[in-house]
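Here's the letter readout for the chains.
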Amino acid sequence: MVEPRPRVVLVDDHRLFRSGVRAELGDAVDVVGEAETVAEAIALVRSTQPDVVLLDVHMPDGGGRAVLAGVGTAAPGTRFLALSVSDAAEDVIGVIRGGARGYVTKSISGPELADAVRRVAGGDAVFSPRLAGFVLDAFSASDAPVVDEDLDLLTAREREVLRLIARGYAYKEVAKELFISGKTVETHVSSVLRKLQLSNRHELTRWATDRRLV
Amino acid sequence: MTVSRPAIRLQAAADGPRHRKLYRTTGGRALGGVAAGLGEHLGLSPTVIRLAFGALALVGGLGVAMYAAFWVFVPQREGAAEMRAEQRGQLLAVAALGVGGLLLLQQLGLPIGSPTWLPLLAVIAGVALVWRQADVAQRARWRATASGPRGLARAIGGAVLLAAGLAGFLATRGQLGAARQGLASTVVVVLGIGVLTGPFWLRMTADLRAERRERIRSQERAEVAAHVHDSVLQTLALIQKASDDPREVTRLARGQERELRGWLYRPAGDAEGAFGAALERAAAEVEETHRTPVEVIVVGDCPADARLGALVAAAREAMVNAAKHSGADQVQVYAEVEPAQVTVFVRDRGAGFDPEAVPADRYGLAQSVVGRMERNGGKAVVRSAPGEGTEVQLEVPRG
């Protein structure tokens, strides 16, 4: 069975970095375009309708969030994966809340990145250990008012899954550790992503400034 | 290979040696620090200066007036954080200046008690108020604090006192009528000068403000440049030198990344003594020494204590073990601070081993990790199998 290669757009203001990513991804994906400004990225995504956009968090003119906002509903089939050297929690959480389906750091290896792209293209959420740590941190701030229990709290199982991811477990290893299927792990992670995007706990954006981040 | 150093000189040049200025000292002073300051400036003993002032004081109070004048006009060395005492000191100085002046006037044939005295006192008080105001304004410029409406009220009060005093002085001498005409023309001239030079003064204050802003900005730029030079540029130079040693390049790059990240994103006033910071420091040391990247993720944080110190030390030992023996290219550390306990996981995807088969004399893991945790009321669990990597779980109760 040969899956079609995901069509990918690279958005990053550093040309050197784009060519590096392109080389690392190799034949695993089909890079249909590159953009280095927010405006270019919005136009390119709208015109090419790629499967996945690899999105830099930090760029002049608003960065990843501005691209997400600018594309809006104009590319319904496109999914965004944030890729950044910045581990500042408020930036990362900001891009996720803006609609990205995951976050990986730029130090990720080529095969891992290709795998992440495939998973995002398939509709899954991709949590790096660091993002899992941020999310746990955000949701465990105990002084936050809980308005909507469904959105503002993580279930015990979701917490367990996130902890294992933060400890460096791959999804497969998480499944084995918790005696659940890989699909169930995906479900939990997607559910956490949904809460992250929809919860209105103001801590999600504010907590980052209150504590040590990196 | 060259390393250019732009912009850093800026700061150094501004700090370069200037003319030596006379300051009043804050340490080793008897009264206002005048004698000590003068002594330091002239290279004489303060005692000599004090004796000179004393001798001059016998000459119609001249020494007292001089001392007071020095006290008022010579600035105290900056960095003397004693606002209140300083203000009191200046009041004292102004009073002493007044007394010295009065003694001098008496010598000149205006005996105490004559009706001329009251207006003269008013004049002195008014001048003192206005001058003190000017001094406060200057201090405000240094400390960037606004002097506010109180300052304005003081200035106006001083001016009114001064005017009333002068009028009174003239009245007691019976020359008020003669002075009135002159006064009127003087007021007109002063108003005219004000109108003529007003725009000039306005522009000068605006220029001053702009200049100050520019100076602050360039200082910030110099600070950033200095930091970038000390860290990033140096590291880049080292990387170029070591370009044939990939591990060394990685180590340098990661060390620099960590440092820069800390500088950029760590909020000012971040607790250096916190548990998370201690764990990150330990990880950085292991990474430096054993040239294996150690990824640290900390959820929550709390102040460190002895027990958490032991936890960090045990975690460090586990990291060293992973870096040295596992052969993995990365070590993953995850720490979580919960209300009741603190847990640390140290994980690698390296060779792994059979925990049952480790000889009892293997000091590292048994003593440093497991033993240390037990002595501190915590526990350590080692999970490993050949080919599966290793994970060490450490936990201690809080409180």
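Owing to the predicted nature of the structure, the values given are computational and were not obtained by experimental measurement. (Residues numbered from 1 in each chain as written. Chains lettered and ligands numbered in written order. Predicted model: local features only at pLDDT ≥ 70, side-chain atom pairs only at ≥ 80, totals over all residues. Heavy atoms only, no water.)

(A) Main features of the overall build of chain A. Tallying secondary structure elements over chain A gives 11 helices and 6 strands in all. Residue burial in chain A is summarised as follows: out of 214 residues, 55% are buried. A total accessible area of about 9200 Å² is found for chain A, and carbon and sulfur atoms account for 53% of it. (Helix = DSSP H or I, 4+ residues; strand = E, 2+ residues; numbered from the N terminus. Buried < 20%, exposed > 50% of the residue type's maximum accessible area, 1.4 Å probe, protein only. Areas by Shrake-Rupley, 256 points an atom, 1.4 Å probe, with all protein chains shown as cover.)

(B) Structural view of the sheet that holds strand S4 (residues 379-384) of chain B. A sheet is described by the order of its strands in space; here 5 strands give the open sequence S1-S2-S3-S5-S4 (chain B), paired in mixed fashion. Since the sheet does not close on itself, it has two edges, and those belong to strand S1 (294-299) and S4 of chain B, each with one partner. Taken pair by pair, the neighbouring strands of this sheet meet at an average axis angle of 10°, ignoring direction. When S1 of chain B meets strand S2 (residues 331-337) of chain B, the two strands line up parallel, connected through 6 bridges. The residue bridging Val298 of chain B from the neighbouring strand is Ala335 of chain B, located in S2 of chain B. Relative to the sheet, helix H6 (residues 129-140) of chain A contacts S1 and S2 of chain B, its axis offset from that of S1 of chain B by approximately 15°. (Pairing = 2+ DSSP bridges. Axes fitted to C-alpha atoms, helices over the stretch in contact; angles between N-to-C directions. Contact = heavy atoms within 4.5 Å.)

(C) Quick peek at H6 of chain A. Under the 1.5 Å per step criterion, the end-to-end length of H6 of chain A is 16 Å for 12 residues, consistent within 8% with the ideal 16 Å. For H6 of chain A, a buried count of 10 out of 12 residues is recorded, marking the element as mostly surrounded by other parts of the structure. (Expected span 1.5 Å × (residues − 1).)

(D) Representation of the pattern of salt bridges in the model. Enumeration over the complete set of coordinates arrives at 24 salt bridges over all chains. Of the charged contacts, one joins Arg119 of chain A and Asp115 of chain A as a salt bridge, the two residues approaching to 3.0 Å between their closest N and O atoms. With Arg119 of chain A and Asp115 of chain A both in helix H5 (residues 110-121) and 4 residues apart, the pair spans about one turn of that helix. Three or more residues are tied together by salt bridges with common partners; here these are Asp245, Glu248, Arg251, Glu288 and Arg291 of chain B. (Salt bridge = Lys/Arg side-chain N within 4 Å of Asp/Glu carboxyl O.)

(E) Highlighting the sheet that holds strand S3 (residues 52-56) of chain A. Residue and element names in this part refer to chain A. Pairing in this open sheet of 6 strands is parallel, and the strands run S2-S1-S3-S4-S5-S6 from one edge to the other. Lying at the two open borders of the sheet, with one neighbouring strand each, are strand S2 (30-35) and strand S6 (126-127). With 5 bridges joining them, strand S1 (residues 7-11) and S2 adopt parallel strand pairing. Note that in S2 the partner of Val11 across the bridge is Ala35.

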